[in-house]
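This is what each chain is made of:
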Amino acid sequence: MPRKHLGEELRANWLLGLAEAVVSAGGRLHPAPLRSCGLSPSRAWDGPRSGQAGLWRRAPAACSDMGSLVFLLGMLQLLAAAMAAYKQWIPNTNFETASNWDKERVPCASDVIHFEKDKVLSVFVGSPHAVTDMFLPLNGELLLAPGAGFAAFDGSWDAGCGSGTVLRFADAEQRSWFNPALWQDVSPAGDQEPAGRIFSVDEERVPCQYDDVIFQPETSFRVNLDSSQQVIRLRSISLMGQELSSAEAWAEYLGGPSALRQFHGNGTLQVTGARCPHSSGCACGNTQDGHRICASLLGAGGCPALPCQSPLRPLGHCCGVCGAVVTLDFTPDFDLQKYQDRVLRAWLSLPKYEGVQMAISKVHRAQTFLGLLPRGSTPVIQIVLVDGGAGEQAGTAAQQLAADLVGDVAQHGEALGISSSRMEVATGSTLSGQAGSRAARRIAVGTVLGLLSSLLVLGGVLFLYRKRPCPLRLTRLRDQAEDPAPPEPASDKGFDNPMFDVEPLDTGSVEEAPQELAPKAQPMFYLNPLYDPSETET
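The rules behind the values
- Residues numbered from 1 in each chain as written.
- Predicted model: local features only at pLDDT ≥ 70, side-chain atom pairs only at ≥ 80, totals over all residues.
- Heavy atoms only, no water.
- Helix = DSSP H or I, 4+ residues; strand = E, 2+ residues; numbered from the N terminus.
- Buried < 20%, exposed > 50% of the residue type's maximum accessible area, 1.4 Å probe, protein only.
- Contact = heavy atoms within 4.5 Å.
- Areas by Shrake-Rupley, 256 points an atom, 1.4 Å probe, with all protein chains shown as cover.
- Pairing = 2+ DSSP bridges.
- Axes fitted to C-alpha atoms, helices over the stretch in contact; angles between N-to-C directions.
- Disulfide = S-S within 2.5 Å.
- Parallel < 35°, antiparallel > 145°, perpendicular 65-115°, else oblique.
- Left-handed = near helix turned anticlockwise from the far one by under 90°.
- Nonpolar A, V, L, I, M, F, W, Y, C, P; charged D, E, K, R; others polar.
- pLDDT = per-residue confidence, 0-100.
- Phe/Tyr/Trp six-rings, centres within 6.5 Å; stacked < 30°, edge-to-face > 60°.
- Polar contact = N/O pair within 3.5 Å; in protein donor to acceptor, adjacent residues only side chain to side chain.
- Salt bridge = Lys/Arg side-chain N within 4 Å of Asp/Glu carboxyl O.

## Some remarks on the overall build of the chain
- Summing up its helical and strand segments, the chain has ten helices and 24 strands in all.
- Buried residues in the chain amount to 39% of all 538 residues.
- Sequence separation of at least 24 residues holds for 69% of the intrachain contacts in the chain that already meet a minimum separation of 6.
- Accessible surface for the chain amounts to roughly 30,300 Å². Of this, 56% is attributable to carbon and sulfur atoms.

## Let's talk about the sheet that holds strand β5 (residues 86–89)
- Spatial ordering of the open sheet is given by β13-β5-β14-β17-β18, a layout of five strands whose pairing is mixed. Either end of the sheet is taken by a strand with one partner, and the two such strands are β13 (183–186) and β18 (242–244). Ignoring which end each strand starts from, the neighbouring axes of this sheet average 25 degrees apart.
- As judged from the four bridges shared by β5 and β13, these two strands associate in the antiparallel manner.

## Some thoughts on the state of the cysteines
- In total, this model carries six disulfides according to the counting rule given.
- Sulfur-sulfur distance for the disulfide between Cys-108 and Cys-161 comes to 1.7 Å. Looking down the S-S bond of the Cys-108 and Cys-161 bridge, the torsion is 70 degrees, so its handedness is right-handed. Remark: Cys-161 occurs in the loop between β11 (149–152) and β12 (166–168) and Cys-108 occurs in the loop between β5 and β6 (112–114); sequence separation between them is 53 residues. For the residue pair Cys-108 and Cys-161, the accessibility class agrees, reading buried in each case.
- Here Cys-276 is linked by a disulfide to Cys-282, with a sulfur-sulfur distance of 2.0 Å. On the S-S bond that ties Cys-276 to Cys-282, the torsion sits near 85 degrees, and the link is right-handed.

## A look at the packing of helix α5 (residues 336–348) against helix α6 (residues 396–416)
- One way to put it is that α5 packs onto α6 with a least axis distance of 12 Å and a crossing angle of 130 degrees. With respect to each other, α5 and α6 are oriented oblique. As for the relative orientation of α5 and α6, their crossing is right-handed in sense. Together, Tyr-339, Arg-342, Val-343, Trp-347 and Leu-348 of α5 and Leu-401, Asp-404, Leu-405, Asp-408, Val-409, His-412 and Leu-416 of α6 make up the contact between the two elements.
- Here the contact of α5 with α6 is built from residues that sort into eight nonpolar, one polar and three charged.

## Regarding the environment of Gln-216
- Mapping Gln-216 onto the fold places it in the loop between β14 (212–214) and β15 (223–224).
- Distance in space between the C-alpha atoms of Gln-216 and Trp-89 is 7.4 Å, their sequence separation being 127 residues.
- Setting aside anything within four residues of it in sequence, one finds Gln-216 in contact with Gln-88, Trp-89 and Ile-90.

## Observations regarding the confidence of the model for the chain
- The predicted model of the chain averages 76 in pLDDT, with 65% of residues at 70 or higher.
- Within the model, the stretch residues 431–437 combines pLDDT values under 50 with eight contacts to residues more than four positions away or in other chains.

## Considering the packing of aromatic side chains
- In this structure the tally under the stated criterion is 16 aromatic pairs.
- Between the aromatic rings of Trp-89 and Phe-215, the centroid separation amounts to 6.3 Å while the plane-to-plane angle is 50 degrees, which identifies the pairing as tilted. Note that Trp-89 is positioned in strand β5 and Phe-215 in the loop between β14 and β15, a separation of 126 residues in sequence. Grouping residues by exposure puts Trp-89 and Phe-215 together as buried.
- Arranged with centres 6.0 Å apart and planes meeting at 35 degrees, the rings of Phe-330 and Phe-334 form a pair that is tilted.
- We classify Phe-330 as partly exposed; its relative accessible area is 22%.
- Under the relative-accessibility criterion, Phe-334 is labelled buried at 0%.
- Among the aromatic residues, those joined into a cluster by ring pairs are Trp-89, Trp-177, Trp-183, Phe-215, Phe-221, Trp-250, Tyr-253 and Phe-263.

## Overview of the side chain of His-317
- Its place among the elements puts His-317 in the loop between α4 (290–298) and β21 (323–330).
- Ignoring sequence-local partners within four residues, the contact set of His-317 consists of Val-201 and Asp-202.

## Concerning the side chain of Asp-211
- Mapped onto the elements of the fold, Asp-211 is located in the loop between β13 and β14.
- Within the structure, Asp-211 has its side chain in polar contact with the backbone nitrogen of Cys-208 (distance 2.8 Å).
- Asp-211 has contacts with Ala-85, Lys-87, Val-206, Leu-234, Arg-235 and Ser-236, leaving out every residue within four places of it along the chain.

## What to know about the environment of Cys-303
- Mapped onto the elements of the fold, Cys-303 is located in the loop between α4 and β21.
- In this structure Cys-303 comes out as partly exposed when scored by relative accessible area, which is 40%.
- Excluding anything up to four places from it in sequence, Cys-303 contacts Leu-298, Cys-318 and Cys-319.

## A look at the pattern of salt bridges
- This model, assessed by the stated rule, comprises twelve salt bridges.
- The partner of Asp-211 in a salt bridge is Lys-87, with the nearest N and O atoms 2.7 Å apart. Linking Asp-211 in the loop between β13 and β14 with Lys-87 in strand β5, this pair joins segments that are 124 residues apart in sequence. Taken individually, Asp-211 and Lys-87 each receive the classification buried, so the pair is uniform in this respect.
- Between Arg-205 and Asp-202 there is a salt bridge, and its shortest N-O distance comes to 3.3 Å.

Below, the structure written as structure tokens:
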């Protein structure tokens, strides 16, 4: 159907806060279910099905109150799961967010509002707006908060608006789920966690398989789920103040009108409701999309220059770091949360480690055979320590803390459930840098030795393979040597057969014949029954 716009057909008597309006897209007002907060159906306008002009519906009035109750329940749940991580999506597609418009401001009464025709949108409107002209998408929805709506502009002068201009809604299609910059760690109530001594490697800044995801109440959004995984697993998702923590609840939401406008891409979110079952922690599960995470985070700029020599590259991190990486091999008695609390209490609280930050998590370290052939992976605990030092001081405090942790493991490792530990260091100091690069040299030496061993093994196999046919040839020669030697040509023992009348060969021909016949075949002999040796002697 041809695309139309809102203008004179928006009536001035539109009751703000109620979805009662005449719209030019040919829609009609009818009751439609709205299950965002589990409330009774609200009133909504649904565009014509043929053109899929869009669904414009009203957000439930009780969402904010319901959200408070849900968050209180979430606080109680936190007591039962200290290891739970909550990550909140930062951007939104709200009408009142200035960054969502190309002019970096919210439209005013004399502006022309332009939504791209082919863009799929979900837009939350939190307040009333006067409208001069509005171009609508073919597939979208407006979620109206209590008291929000649109009214036709009456032409009165608005000092803060001027003569008006065309404002276009920004494109939200490329906001990727795997962009760490679009997520923040929050409390169960959705409050941003203050920057502390604990940080996460880049792959864990995106929701992990046992994390809880929060989309802020009274916001709309659009997320690109393109992934190398068919299924992106989560523990729960909170939308419009309601937590969905079961596969059934999530499937019901996906069947509603908003899900397809909020999530797109080849990946699929799966809500499991499960928490990490191991006291030693669980791997994040974002390794397959590590390249997407780093591409979103770094863009074309790449990693920054660092003051230390031979920067370390922790597993799950996009760039190198100055500091230390401690790797722990653990037993079933290891408790990740208790050990993290131990480090925070015993060391990171000390004044000399004031600027040190720590990332601690379970990761899977790849194993290889002779440094070449992969043979699976093994879970380890990775501790990344960084500090704010500059120049030669970069990484020195982290190095000292790493040494303290390794020493503590040597004394109390069995009681802590730690079987062994090792550390790598990279600092700005020349001496420390040399000490820190020893691990890299050990790796290089190990790789070279592995290559040499592999070459020796391959050379031995090739030697045996090339020698394998030789015994057969020797046996054949030995068999020929053991066979009785054929008699020499009987030039001196021959006689004229009286029953065979031929001209005798001359001497020259007799001498040349064996040389000509020898290369062709072995001479053949037989016993002549008419030949009697005694007669010859007589």
